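Take a look at the letters that make up each chain.
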Amino acid sequence: MPLQVIVVGAGISGLCTAVALQQAGHSVKILEKSAFAAEVGAALLITPNGERVLSRLGFDFKRARADDMTCFEVLDGVTFNPLHRAELSNAREEYGAPLYTVHRVDLHHELLRLTSTLDLRLSSKVAAADAEQGFVMLEDGTKHYADLIVGADGLHSVLRGLALGDQDAAKPTPSGMSAFRFMIPTSELQNDPHFQELQKMKGRGNSVLADTTAQTERHMVWYTCRDGQVQNFAGIHEDIHNSDDDIKTLMLQQFGHYHPSLVHIINLAPNVTNWPLSYHDPLPTWHRGKIVLVGDAAHPMLPFGAQGANQAIEDAGALGALFSGGESAIDVPSRLELFEQVRRLRASRVQSLSRVRLGKEKEVEATVRQYADPLGSDVPISFFERLAHDYKIDVFETCKEALARAKHND
């Protein structure tokens, strides 16, 4: 008999998890607090570990207008000289799957297509829940019961405090950094000599533009999306307090010493936004009773390494794989234990690495080692080791091995 599942949240994490659990044979209801299921924001990377899961779910990268990446590089933001570069044209051979850049809105639309047969309820804000009895209560007082409740309710998760049993410990921490973001249609830049000059030095993929003039996490990121028709930029910087200047002026103050042609492009930006960045130290547990956390609710991380969405997608793949054997309600506790075994330490390593940009892995080595699996085993301490650690894992194989071990130990 299929499980009755409630997924709280219809973002990338929630939709992926809902599709995975429905395809595993379960009855899934999604509760979304907003009046419409929509994504906002800029583009993101889908790396091989996430691509494997999305492809298994039937995600169509062509429909999502995703751009394939042939490199991942770190350049000096001032000179555009190369600092680190991973050649990704052979990503299928090296990592078992390709890499893409995709706009969040396009990713979300394609996930909504996959969830079109699901019970998606909008304007359904969860106010409380009971992990043992297995219900969530909405703001209007109605209760919804399930065998499994998935908290995919993001950074400011309502269910995180219930899973931890401590609402204060569940609160995210401001990082002291924010991200400027803007996008420009390629058509508006393609005849610009400044853009053409930078294109000669930039690879086709994700370019991290490091600030080598100071010991800082300040950097920019640049890649395309929407079949190359849009140029996507982000600028990570320390929070700016009590400034009356407009956001573009603030970005120019932070990155005005970068390559003159890049500064020229910032000046052309039609609309610059500024998003505060928060994080949470790795959680000691992701589940309690019938409630389990996924995505930003379980492991909110900074964008350095581009793994936030990909780790959420891995969570979805793992839950789908671990609940694909005709489980009943009595199996939920043991399967959630397996889910944590498969995902928590790995995601905690990635979460810890997300505190530094690519190429600075040694700075967080001691923290990452706390989550080695098994304890004392190797952890990534370089740019290339980090890519291998993040990209090569096949979460379906990991789950298959975990299930086999569990069956052997029964």
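This text goes with the structure placed above it.
Values in this document were obtained by computation on a predicted structure and should not be read as measured data.

Chemist: Help me out: how do you make sense of the pattern of salt bridges in this one?
Modeler: For the structure shown, the criterion picks out 22 salt bridges. Across the pair Arg65 and Asp106 runs a salt bridge whose closest N-O atoms are separated by 3.2 Å. Taken together, the residues Arg65 in the loop between helix H2 (48–57) and strand S4 (67–68) and Asp106 in helix H4 (residues 104–114) connect sequence positions 41 residues apart. You can call Asp106 buried: its relative accessible area is 7%.

Chemist: What am I meant to see in H4 here?
Modeler: Note: α-helices contain 3.6 residues per turn, so residues at a spacing of three or four share the same orientation. Among the residues of H4, Asp106, Leu107, His108, Glu110, Leu111 and Leu114 are the ones counted as buried. Each element contacted by the buried residues of H4 is listed here: helix H1 (12–23), strand S3 (43–46), H2 and strand S7 (100–103).

Chemist: Help me understand the layout of surface pockets, please; the structure alone is not making it clear to me.
Modeler: Taken as a whole, the second largest pocket holds about 380 Å³ of empty space. In terms of lining residues, the second largest pocket is bounded by 18 residues, among which Arg346, Arg349, Asp373, Ile393 and Thr398 are the most central. Residue assignment for the lining of the second largest pocket shows that the elements contributing at least two residues are helix H10 (332–353) and helix H13 (395–409). Looking at the lining of the second largest pocket residue by residue, the classes come out as six nonpolar, four polar and eight charged.

Chemist: How should unusual backbone geometry be read in this particular structure?
Modeler: With the exception of glycine, most residues fall at negative phi, and the peptide bonds are largely trans. Going from Asp373 to Pro374, the amide bond is cis rather than trans, its omega being 0°. Residue position: Pro374 is located in the loop between helix H11 (365–369) and helix H12 (383–391). Backbone geometry at Arg65 places phi at a positive 55°, although glycine is not the residue there. The backbone phi angle of Asp227 is positive, close to 60°, even though this residue is not glycine. Mapped onto the secondary structure, Asp227 falls in the loop between strand S15 (219–225) and strand S16 (230–238). Judged by its relative accessible area of 47%, Asp227 falls in the partly exposed class.

Definitions and cut-offs
Residues numbered from 1 in each chain as written. Predicted model: local features only at pLDDT ≥ 70, side-chain atom pairs only at ≥ 80, totals over all residues. Heavy atoms only, no water. Salt bridge = Lys/Arg side-chain N within 4 Å of Asp/Glu carboxyl O. Helix = DSSP H or I, 4+ residues; strand = E, 2+ residues; numbered from the N terminus. Buried < 20%, exposed > 50% of the residue type's maximum accessible area, 1.4 Å probe, protein only. Contact = heavy atoms within 4.5 Å. 1 Å grid on protein atoms, 1.4 Å probe; cavity = no way out; pocket = protein on both sides within 12 Å on 5 of 7 lines; lining within 4 Å. Points joined across faces, edges and corners; volume = space filled by probe spheres on them. Nonpolar A, V, L, I, M, F, W, Y, C, P; charged D, E, K, R; others polar.

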